[in-house]
Amino acid sequence: NAGVIFWNQGKIPEAKEQFSKAVQANPTMAEAQYYYGMCLVNEGKVAEAKTALETYLKLAPTGPNAATAKSILDSMK
């Protein structure tokens, strides 16, 4: 939750730290994977972002952010 609060405030480095911790604690937490990937996109870390977004889609193929994740992944090709 802290990560989303930081994300919504535009505090991307702080959000990334929170999402990174969440992903490390529970790699199956789909939304943490999505937002971690989005933070990486924001930093221009395409390869790492791709991995996180692909993981999100494996965990939540019809999740609330699936369409956005697919769109971003398509643009990375």
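Cut-offs and rules
- Position numbers for residues start from 1 in each chain and track the written sequence from start to end.
- Only residues with pLDDT of 70 or above have their local features reported here, since the model is predicted, and side-chain atom pairs are shown and tallied only from 80 upward, although totals for entire chains, interfaces and linings are computed over all residues.
- To obtain the side-chain values, all non-hydrogen atoms of the structure were included, while hydrogens and water were left out.
- Think of a nonpolar core as a cluster: buried Ala, Val, Leu, Ile, Met, Phe, Trp, Tyr and Cys residues, connected wherever their side-chain atoms sit within 4.5 Å.
- For the exposure calls, accessible area comes from a 1.4 Å probe over protein chains only, and a residue counts as buried if that area is under 20% of its type's maximum, exposed if over 50%, partly exposed in between.
- Here a strand is any run of E in DSSP of at least two residues, a helix any run of H or I of at least four, and the numbering for each starts at the N terminus.
- For this analysis, residues touch if any pair of their heavy atoms sits within 4.5 Å.
- To pair, rings of Phe, Tyr and Trp, with the six-membered ring standing in for Trp, must have centres within 6.5 Å; the planes then decide the type, stacked if under 30 degrees apart, edge-to-face if over 60, and tilted in the middle.

1. Some words on the nonpolar core
Here is step 1: Phe19, Tyr34, Tyr36, Leu53, Tyr56, Leu57 and Ala69 are the most contacted members of the largest nonpolar core, which has 23 residues in total.
Here is step 2: Of all the elements in the fold, those that place two or more residues in this core are α2 (12–25), α3 (30–43), α4 (46–59) and α5 (66–75).
Here is step 3: Ranked by residues supplied to this core, first place goes to α3 with eight residues.
Here is step 4: Excluding anything up to four places from it in sequence, Tyr36 contacts Lys16, Phe19, Ser20, Val23, Glu48 and Ala52.

2. So, the packing of aromatic side chains
Here the distance between the centres and the angle between the planes together describe a pair of aromatic rings.
Here is step 1: What the rule picks out here adds up to four aromatic pairs.
Here is step 2: Ring centres 5.8 Å apart and planes at 65° place the aromatic pair Trp7 and Tyr35 in the edge-to-face group. Remark: Tyr35 occurs in helix α3 and Trp7 occurs in helix α1 (residues 2–8); sequence separation between them is 28 residues.
Here is step 3: According to the relative accessible area criterion, Trp7 is partly exposed, its value standing at 22%.
Here is step 4: Note on Tyr34 and Tyr35: the rings are 5.1 Å apart at their centroids and 80° apart in plane angle, and the pair reads as edge-to-face.
Here is step 5: Look at Tyr35 and you get buried, because its relative accessible area is 18%.
Here is step 6: Counting every residue linked through ring pairs, the aromatic cluster contains Trp7, Phe19, Tyr34, Tyr35 and Tyr56.

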